[in-house]
Amino acid sequence: MQSVQLKKGVLDLCVLGRLSTGDTYGYDIYQSINKVLGISESTIYPILRKMVNEVYLTTYLQESPDGPPRKYFKITKKGLEMYHKMYQEWQTLVRQVDYLIMR
Amino acid sequence: MKKQFLAELKKYLEPLNTSERDEIIRFYEERFETGLRYEGKTEEEIVDELESPKQIARNVLEEYGYRVRMVDAHEEVSNDIKVGSIIGLILFDIFLASFLVPVLFSIFVGVGSSLIAFIGAMLLLPFVEGTVNLPLVFFSLGFGFLWFLLVLWLWDVLIGFITWLLRWHLEVFRYSKTKDVVRSLRKLRFQSLLRRSPKLMRTRQTLSLISVLFIIGGLIGSVVQYGTFNFDQVNEPLVEETYQFEVADDDVLTIVADISFANTVVRRGNVTEIQVRTEFFETHPLNVDFSHGTVQLQLTQEDQSIRNWFRVGSLFSFLASTPSVEILVPESVDVKIIDLTMSSGRVTIDGFTAEEIRVHTLNGTVSLDRIQAPIIDVRTSNGRIELKDIVSEDITLRSSNGKLVLNNVKASEYDLSTSNGNIELSNLSTVNEPGSKLSATTSNGSLILEDVYIYDVRLRTSNGSINYTNTDLSFILDRLDAHTTNGSVTVNVPYQSS
């Protein structure tokens, strides 16, 4: 079982990464991340909320054909900048950790 | 099912503020909608998929940085009081807080009470002399108000420090209402009073501006009215007067003075008669009498009401005009006794051979230069005493607050003491070699002795270091007794016993 703490550290990056490819709603973000990482829903939602507060994301309501409107998330310019920064940090970290343990 | 689930979740999310809580609830509402409408699931199925409301709340709160306490008792996180921070706290309390708090407090009280004294002096001002020095009143009002602001500021500093200290203590012990305590303490500050009342803020600004204008106006007014910065109560300029007294060449003169406030100089001058130059206030004149029979010059002052501590001007003595006396004695006349008693002012006596020199002053520096007199007795309550190029037998110097400085002095008995100040002795020796004695005592200050060749030396200080060095190490003291209660003792002189 993967360490929850380890995964939590990269969740922000995953959320931003998912949204950098296009707007979507909360449950969808959760599902796509959950498929790979197996993380609980209840950790994703507060992260989304926080990112809205920090203006990395904005929200809008999208009408849907058969149901009430859904809240869609859209990455902002600030969020994109953050994403690129975090992505680079992540890659550096992976290289550094690989180097450390594969010597 | 759904309703119950959301209600429960809402309850567990209580610690969050309402808007954040609603946002999280909305996520789950949407989650139910999605499941019901798009995936064709029942409410039960969805609830089964989800974690329990308690678990969700726990994760959510953790994400928001809450310490999770709402969980079951056995999962309760211990409130971890760190031993390290408690030790740090105790050390800080013992070594710094125990000292800083009283110091800050005493500064506040000191500045505050001198303000009260200042205001008292200001109120008395118009009544003392009957006439009012108006520029001084303006100046004092302005100055007093700025002083008042300083006191308030010190109060804020004091409260700020105490708040900081208290918060730190409470945080270490994880007191839950720390924020409330801090907030209510902060309210005690003058700053927060100002912040709450814009009216008061404006008043303060206006009054500050007026104060500065008053000060400047007072200074200018004083120059316009008196030609100088006159910060005495006495509403009058100084009056100059010179007295001359004939004396025979072989006369032996005695000088006695009992006056209040004047800078006094007694010295040899290139004159044929005794000359007394005075600068005094008209309302507080100086009487200068000379008795030919006893050959005594006597300076007295009937009205001695101008005491230095009563003069607001003493705060700005560098600006104020000061009464003065200068006594010039012809070279041909011998002097027997010089005896000066005064309330305050600098005293300088220069270049005499006499039997006795006595100076008692309440407030002022006393300096004796080039004197030969068997008895020298100088006492001052507040001020330094300086002796240079002196030959004597018994020297007694007392100061309650000031340092004693002796350079190039010969005597057989030195009795020096001050309550607060250093004692600096250099090039001291003795007239009649054996049995010469020196006793130097200070309650607060260092003793620095350099080239002091006296047989019996007793040095005492309650707080300060003692440093005694001689160049000529062949001189061996009969007795040396050096003691300090708090400080180092460095002695580089040979002696027989202690």
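Procedures and definitions
- Residues numbered from 1 in each chain as written.
- Chains lettered and ligands numbered in written order.
- Predicted model: local features only at pLDDT ≥ 70, side-chain atom pairs only at ≥ 80, totals over all residues.
- Core = buried A, V, L, I, M, F, W, Y, C linked by C-beta atoms within 7 Å.
- Buried ≥ 20, exposed ≤ 12 C-beta atoms within 10 Å, placed from the backbone.
- Helix = DSSP H or I, 4+ residues; strand = E, 2+ residues; numbered from the N terminus.
- Domains from an automatic or database assignment.
- Contact = placed C-beta atoms within 7 Å.
- Nonpolar A, V, L, I, M, F, W, Y, C, P; charged D, E, K, R; others polar.
- Expected span 1.5 Å × (residues − 1).
- Arc of directions from axis to C-beta.
- Pairing = 2+ DSSP bridges.
- Axes fitted to C-alpha atoms, helices over the stretch in contact; angles between N-to-C directions.
- Parallel < 35°, antiparallel > 145°, perpendicular 65-115°, else oblique.
- Left-handed = near helix turned anticlockwise from the far one by under 90°.

Details of the nonpolar core
Residue and element names in this part refer to chain B. Ile-338 and Ile-357 are the most contacted members of the largest nonpolar core, which has 62 residues in total. The element contributing the most residues to this core is strand S11 (residues 366-380), with six residues. Residue-level mapping places this core at the junction of two domains, with at least three residues from each of domain 3 (231-373) and domain 4 (384-498).

Remarks on the interface of chain A and chain B
Listed by partner, the interface residues are 15 residues for chain A and 18 residues for chain B. Among the elements of the structure, helix H2 (26-37), helix H3 (41-53) and strand S3 (67-75) of chain A are those that each provide at least two residues to the side of chain A that touches chain B. The element contributing the most residues to the side of chain A that touches chain B is H3 of chain A, with seven residues. Here the side of chain A that touches chain B is composed, by residue class, of five nonpolar, five polar and five charged.

Describing H2 of chain A
For H2 of chain A, spanning twelve residues, the distance from its first C-alpha to its last is 16 Å, which sits close to the expected 16 Å at 1.5 Å a residue. Along H2 of chain A, the residues that are buried comprise Gly-26, Tyr-27, Tyr-30 and Ile-33 of chain A. Across the axial projection of H2 of chain A, the buried residues extend over an arc of 135°, all falling on one side. Within H2 of chain A, the exposed residues directed more than 90 degrees away from the buried face are Lys-35 and Val-36 of chain A. Among the structural elements, helix H1 (4-20), strand S1 (24-25), H3 and S3 of chain A together with helix H2 (18-38) of chain B are those in contact with the buried residues of H2 of chain A. Looking at the residues trailing H2 of chain A, positive phi occurs at Gly-38 of chain A, about 60°.

So, the pairing of S3 of chain A
Residues and elements named next belong to chain A. Pairing analysis gives two bridges linking S1 to S3, with the strands arranged antiparallel. Bridge pairing links Tyr-25 to Tyr-72 in S3. Pairing geometry for strand S2 (residues 57-64) and S3, over seven bridges, is antiparallel. The partner of Thr-59 across the bridge, within S3, is Phe-73. Taking the residues between adjacent antiparallel strands as the criterion, S2 and S3 are bridged by two residues.

Concerning the packing of H2 of chain A against H3 of chain A
Residue and element names in this part refer to chain A. H3 packs onto H2 with a crossing angle of 130° between their chain directions and a minimal axis gap of 10 Å. Here H2 lies oblique to H3, going by the angle between them. Between H2 and H3 lies a crossing of right-handed hand. Residues Gly-26, Ile-29, Tyr-30 and Ile-33 of H2 form the contact with H3, whose participating residues are Glu-41, Ile-44, Tyr-45 and Leu-48. Of the residues in the contact of H2 with H3, the class split is six nonpolar, one polar and one charged.

Here we look at unusual backbone geometry
All names here are of chain B. For Val-295, which is not glycine, the phi dihedral falls at a positive 50°. Checked against the element boundaries, Val-295 lands in the loop between strand S5 (287-291) and strand S6 (296-300). Residue classification places Val-295 among the partly exposed residues on the basis of 19 C-beta atoms within 10 Å. Here the phi dihedral of Asn-408 falls at roughly 55°; this positive angle occurs in a residue that is not glycine. Looking at where Asn-408 falls in the secondary structure, it is placed in strand S13 (residues 404-410).

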